[in-house]
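Residues per chain are reported as follows:
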Amino acid sequence: MLSDRAWKGRLFRWWHKIKSGAGQAATKFTPKLTMNRNYGWASLDLLFVNNASVTVWVEEAVVVLSDLDTSWQTSIPAGQAKQVIRQHVRAHESLELSLAQAIYDAGGRPQGFYSCLISVDVWYRLGDEWFHKALDTFQVEMTGLKPRSLRRLRWYDKRIRTRYRQP
């Protein structure tokens, strides 16, 4: 009877070590929003950097627009878009994909110059556990599908966190 308890105790200690390791690997996976300029053209990209020693499955990224400022749209703005990714990011590698089309569609396909605040939520799986990371809020200025500027708004995130803090 005592040997069964010792065996179960060892099993649960081993299981807890696996659980804590998944959390550490989750912190080594970082999504970033970047703007790349090459030879006169620019792109707005979502970059996934996996510095963990395991492969990460990236499911989707949800892009939410707010404070949309545009003069003419060809459709009604939805305000959010879901970018389905469904790709593996191998250990110590990165993956980059464009968010310009998702932002353009969520904004109602505006013609000409427009600006908005965007926040991106990324859902990914590490082993058997699902994780969620919310990126900082950015202000983006675009013309059609071409980004003009990208700025991180630190003050906006601080204001939201203090407003919705639980007492």
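Residues numbered from 1 in each chain as written. Predicted model: local features only at pLDDT ≥ 70, side-chain atom pairs only at ≥ 80, totals over all residues. Heavy atoms only, no water.

J.: Give a description of the overall build of the chain that names residues and reports values.
T.: When its secondary structure is counted, the chain shows three helices and nine strands. Ordered by position in the sequence, the α and β elements of the chain form the string α-β-β-β-β-β-α-β-β-β-β-α. Across the 167 residues that make up the chain, the buried fraction comes to 37%. By sequence separation, contacts in the chain at least 24 residues apart represent 65% of the contacts at least 6 residues apart. For the chain, the accessible surface area stands at approximately 10,800 Å², while carbon and sulfur atoms represent 52% of it. (Helix = DSSP H or I, 4+ residues; strand = E, 2+ residues; numbered from the N terminus. Buried < 20%, exposed > 50% of the residue type's maximum accessible area, 1.4 Å probe, protein only. Contact = heavy atoms within 4.5 Å. Areas by Shrake-Rupley, 256 points an atom, 1.4 Å probe, with all protein chains shown as cover.)

J.: Go over the nonpolar core, please, and point to the residues and values.
T.: The biggest cluster of nonpolar side chains holds 33 residues, and the ones touching the most others in it are L46, F48, I103 and V122. Breaking this core down by element, the ones donating at least two residues are β1 (29-38), β2 (41-50), β3 (56-70), β4 (80-89), β5 (93-98), α2 (100-106), β6 (113-126) and β8 (138-143). Examining the composition of this core, we find that seven residues originate from one element, β6, more than from any other. Beyond its immediate sequence surroundings of up to four residues, V122 is in contact with P31, L46, F48, V58, E60, A61, F131, H132, K133 and L135. (Core = buried A, V, L, I, M, F, W, Y, C linked by side-chain atoms within 4.5 Å.)

J.: Quick one: what's the story with the confidence of the model for the chain, residue by residue and with numbers?
T.: This prediction gives the chain a mean pLDDT of 83; 77% of its residues lie at or above 70. Taken element by element, the predicted model of the chain shows its lowest mean pLDDT in helix α1 (residues 2-27) (53) and its highest in β5 (96). Contacts for the low-pLDDT stretch residues 14-21, under 50 throughout, to residues beyond four places or in other chains number one contact. (pLDDT = per-residue confidence, 0-100.)

J.: Could you give an account of the pairing of β2, with specific residues and numbers?
T.: The buried fraction of β2 is high, at nine of ten residues. Bridging between β1 and β2 involves ten bridges; their strand directions are antiparallel. Note on β2: the bridge partner recorded for T34 is D45. In textbook terms, the turn of a hairpin is the stretch between consecutive antiparallel strands, and for β1 and β2 this stretch comprises two residues, one of which, Y39, has a positive phi near 50°. Of the strand pairs in this sheet, β2 and β5 are connected by six bridges, and their pairing is antiparallel. Within β5, the residue paired with L46 across the bridge is L97. (Pairing = 2+ DSSP bridges.)

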